[in-house]
Each structure stands twice: as C-alpha cells, then as structure tokens.
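Reading the structure
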Amino acid sequence: ETGVTQTPRHLVMGMTNKKSLKCEQHLGHNAMYWYKQSAKKPLELMFVYSLEERVENNSVPSRFSPECPNSSHLFLHLHTLQPEDSALYLCASSYTVLSNEQFFGPGTRLTVL
Amino acid sequence: QKEVEQNSGPLSVPEGAIASLNCTYSDRVSQSFFWYRQYSGKSPELIMSIYSNGDKEDGRFTAQLNKASQYVSLLIRDSQPSDSATYLCAVYNAGNMLTFGGGTRLMVKP
C-alpha cells in the first residue's frame, strides 16, 4: 500500500464516547500532521509531529489528544466531543516540517451526535 | 486580515477556456507556495508547487508567483469538466506552518 492511509473513513460517535483515528504513511516521511476541515472554513492545522516529537499544537481543545509512536503512524484520540467537532479530519505527511510538500490521506468524516 | 485569501467563487468557465485562480498572502517572508485540488468529498491533492518568482508550467497548469505583490495564481489551460473542483492555495508562513486559503470553487461547463 502506498501514500497516506486513514482509518476509519467514516465515524459516528456520541458525545460520551472515546474513539481513535489512525493515520499511516508509506512515503518515508519524517513529519506528520492533523488538520480539521469544517464546512465553509479553511483547513485548520491541529497538530504537527516531526520525528515523533510534537512541534506544534494550534490551541486545540484537550478533548483531542494526538499520539505519534513512530514516524509512520499518527493517532488522534477523541474523548467527550461536541457536535461542532463534526468535520473531515485529514492526516498529511511531508519529508520534513521545513516548507516541504505535504501529501494528504483520504480523511475521516466524523459526525458527533 | 486573513493570512491567505482566495475568492470563494464559484468561478464558471466554458470547456476549453483558460481558468485563472488567484491568491494573495500576508506574510512577506513566505517562500513556499502550493496549489491543491479538492474534489467534493475527497481530500486535497497537490497539483503544483512554486518557490521562486515567475511562471512554472506543468502540463495544462501554470503557477505564477509575484513575491513583491504577495500574489500567486494558477492558470488552467483547455479547461475540462473534470477540472471542476475547489482549488486551495497554501503558503508556508514565518513559523514554517502551512496555511490554507478558503479555496475557489471552479466549475467548467461543457
């Protein structure tokens, strides 16, 4: 399998559930990202990891918790979400965080009831 | 002022015409610029990158960069209905974080 993959592709959860989004990249990249895309809003950067270390946390609520166990895998743990958190969550990777081209996974469409 | 601005559109062009998509950015020190295409319900797909002033051509696509005017554009020649999508402009800011514009929706009519 090549590129950036994400699972699940669709997720419906209640506000009290705990779930996790998974991202895997097969490109040999060292940087990985989580973005949120809501309707009619620009892509919002949430978290950046470089060589498994978090380098950016863009004022994201603590109900979103990222984890990067190695340079190929990235998780987003979700807990006590709100309906306004419903969005498309996109994972991306790049060779480094320094101005490199980023490649996106297919995204997880999240609906919070 | 938004960091990266695009006209949301829709921009409607007839098949075979040139589509011109524009983007302005606020951070004067930005050095890397990208255009992504996003079909409805899909993730963004990188189509062009440009790093220096001038034009860069790739098939039917030409990216143009003018750092003095803080302006980057994308031209699509011989537009096809399959080009109908939202085009996202993205710019690395001073903090080396990629910032996206809101996107321009392009509609190519047969």
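Further up the page is the structure itself.
Right, let's walk through the structure included here. (Residues numbered from 1 in each chain as written. Chains lettered and ligands numbered in written order. Predicted model: local features only at pLDDT ≥ 70, side-chain atom pairs only at ≥ 80, totals over all residues. Heavy atoms only, no water.)

1. A few points about the overall build of chain B
Helices and strands together make up the secondary structure of chain B, namely zero helices and 11 strands. Of the regular secondary structure in chain B, the N- to C-terminal order runs β-β-β-β-β-β-β-β-β-β-β. Here the C-alpha radius of gyration of chain B, 13 Å, is about what a compact globule of 110 residues would show, namely 13 Å. Over its C-alpha atoms, taken along the principal directions, chain B stretches across nearly 40 × 30 × 20 Å. Contacts in chain B between residues far apart in sequence, at least 24 positions, make up 53% of those at least 6 positions apart. (Helix = DSSP H or I, 4+ residues; strand = E, 2+ residues; numbered from the N terminus. Rg over C-alpha atoms; globule rule 2.2 N^0.38 Å. Contact = heavy atoms within 4.5 Å.)

2. Topic: the sheet that holds strand β7 (residues 64-70) of chain A
Residue and element names in this part refer to chain A. Spatially, four strands are ordered β1-β3-β8-β7 in an open sheet, and the strand pairing comes out antiparallel. Each end of this open sheet is capped by a strand with a single partner; those strands are β1 (4-7) and β7. Each neighbouring strand pair of the sheet contributes to a mean axis angle of 20 degrees, computed without reference to strand direction. Two strands pair when backbone bridges link them, and β7 and strand β8 (residues 73-79) are joined in this way by five bridges, in the antiparallel orientation. (Pairing = 2+ DSSP bridges. Axes fitted to C-alpha atoms, helices over the stretch in contact; angles between N-to-C directions.)

3. Overview of the state of the cysteines
For the structure shown, the criterion picks out two disulfides over all chains. Linked covalently through their sulfurs, A:C23 and A:C91 form a disulfide whose S-S length is 1.9 Å. Between A:C23 and A:C91 the disulfide shows an S-S torsion of about -70 degrees. By sign, it is left-handed. Residue A:C23 is located in strand β3 (residues 18-25), and its partner A:C91 is located in strand β9 (residues 87-94); the two are separated by 68 residues in the primary sequence. No difference in accessibility class separates A:C23 from A:C91, as the two residues are buried. In this model B:C23 forms its disulfide with B:C89; the gap between the sulfur atoms is 2.1 Å. One disulfide, between B:C23 and B:C89, carries an S-S torsion of -75 degrees and so falls in the left-handed class. Here the residue B:C23 occupies a position in strand β3 (residues 19-25), and B:C89 occupies one in strand β9 (residues 85-92), the gap between them amounting to 66 residues. (Disulfide = S-S within 2.5 Å. Buried < 20%, exposed > 50% of the residue type's maximum accessible area, 1.4 Å probe, protein only.)

4. What to know about the interface of chain B and chain A
On the chain A side, the residues contacting the 18 residues of chain B number 20 residues. Summed over the three residues of chain B that lose the most area to chain A, namely B:Y92, B:M97 and B:F100, the buried surface amounts to 32% of that side. Our enumeration of links across chain B and chain A arrives at zero salt bridges. Counting across the interface, chain B meets chain A through six residue pairs in polar contact (both at pLDDT 80 or more). (Buried area = accessible area lost by both parts, 1.4 Å probe. Salt bridge = Lys/Arg side-chain N within 4 Å of Asp/Glu carboxyl O. Polar contact = N/O pair within 3.5 Å; in protein donor to acceptor, adjacent residues only side chain to side chain.)

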